[in-house]
Amino acid sequence: MSKHLIPWGKLVFQDETRITLPFSRELFIRRMGNETHLHLEKEGEDEVFRFITGQDASLYLEPGLPDLPMVIKPSISLAILPGKKLETLVEVPVIVKVMAGTEKKKDQLIEFPVKDLSRSFFGNPDSGEIAYFLESPLLNRVDEYEQIDSSVYCPMTISNRSDQNLDFDRMIFRVPYLSLYYGEKTLYSTPAVITFRGQDQISQVSFKKNPPQYEPDMKLASSPRISEEKGLLKRSFYFIKTLYNG
């Protein structure tokens, strides 16, 4: 983990420390007796948080995925022909979590994205849901992206098992169901597999339990925010025909 730009893991300092984060953000931490004060600075704004953590609590930085699904819009028009599949890595801005406690038991103090996330809405007015918006080139190699130090790379396979072209304008990707792993320099999520069977059919979505095989000896960084539940596959993936553009 030492090769990551953000110093993930246990923080070692005396009374105070300043951590420079991507996108001109800084985190200032001060220990005062049994209190911990956090100052999150970004673009001239300064948020201050005060916690009673106790003198013996250690502090940790841990990565996470967003708390809401991502509505993904391809950067350029994209179509998957019948019988073909797209294998891609979705670049998702990482969430920084500040934790206090011990290696075995930690409590979360705050969490924040390294990059501001825009809210979106997916589905129809009656049954849609709030999500974050992400425009993505849907590339298939990490080195083709630019923000490697501030992102999580989520492997996704979309298979077109229908007899029609899969032309989608946007899709929904439920990142809270994914686990997160440390690679040597990069953060990866567990893979998602999506099967499209036609515009009038429900697309099947499954989330793998094991880390992707991009690097050896990857370590678990965080578990899913939401455990996979029965019936999840029936409501995890929608196409433009169900998108509300109001």
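A. Structural view of the packing of aromatic side chains. For the structure on display, the rule yields 3 aromatic pairs. Here the aromatic rings of Tyr145 and Tyr153 are separated by 5.3 Å at their centres, their planes lie at 50°, and the arrangement is tilted. Both residues of the pair, Tyr145 and Tyr153, count as buried. Look at Tyr188 and Tyr214: their rings are 5.0 Å apart centre to centre, the planes differ by 15°, and that puts the pair in the stacked class. Of this pair, Tyr188 sits in strand E18 (residues 187-189) while Tyr214 sits in the loop between strand E20 (204-207) and strand E21 (219-222), and the two are 26 residues apart along the sequence. Its relative accessible area of 4% is what places Tyr188 among the buried residues.

B. A look at the side chain of Thr53. For Thr53, the position within the fold is in the loop between strand E5 (45-52) and strand E6 (58-64). At 2.8 Å, the side chain of Thr53 and the side chain of Thr36 are in polar contact.

C. Quick peek at a negative patch on the surface. Together, Glu43, Glu45, Asp46 and Glu47 make up a region of like negative charge exposed at the surface. Here Glu43 shows up in the loop between strand E4 (35-42) and E5. Residue classification places Glu43 among the exposed positions, given a relative accessible area of 70%.

D. Representation of the sheet that holds strand E11 (residues 106-113). Taken together, 4 strands build an open sheet; the order of strands is E1-E6-E10-E11 and the sheet is antiparallel. Bordering the open sheet on either side are strand E1 (9-10) and E11, each of which pairs with just one other strand.

E. Focus on empty space enclosed by the protein. For the structure on display, the rule yields 2 cavities of 30 Å³ or more. Of the voids in this model, the largest cavity is the one considered here, and its volume is about 60 Å³. Lining the largest cavity, in full, are Gly64, Leu65, Lys97, Val175, Pro176, Leu178, Ser222, Ser223, Pro224 and Arg225. Looking at the lining of the largest cavity, its residues break down into 5 nonpolar, 3 polar and 2 charged. By volume, the second largest cavity amounts to about 40 Å³.

Cut-offs used in this document
Residues numbered from 1 in each chain as written. Predicted model: local features only at pLDDT ≥ 70, side-chain atom pairs only at ≥ 80, totals over all residues. Heavy atoms only, no water. Phe/Tyr/Trp six-rings, centres within 6.5 Å; stacked < 30°, edge-to-face > 60°. Buried < 20%, exposed > 50% of the residue type's maximum accessible area, 1.4 Å probe, protein only. Helix = DSSP H or I, 4+ residues; strand = E, 2+ residues; numbered from the N terminus. Polar contact = N/O pair within 3.5 Å; in protein donor to acceptor, adjacent residues only side chain to side chain. Patch = residues over 30% accessible without salt bridge, like charges linked within 9 Å, V, L, I, M, F, W, Y side chains within 5 Å. Areas by Shrake-Rupley, 256 points an atom, 1.4 Å probe, with all protein chains shown as cover. Salt bridge = Lys/Arg side-chain N within 4 Å of Asp/Glu carboxyl O. Lys, Arg positive; Asp, Glu negative; His and termini not counted. Charge placed at Lys NZ, Arg CZ, Asp CG, Glu CD. Pairing = 2+ DSSP bridges. 1 Å grid on protein atoms, 1.4 Å probe; cavity = no way out; pocket = protein on both sides within 12 Å on 5 of 7 lines; lining within 4 Å. Points joined across faces, edges and corners; volume = space filled by probe spheres on them. Nonpolar A, V, L, I, M, F, W, Y, C, P; charged D, E, K, R; others polar.

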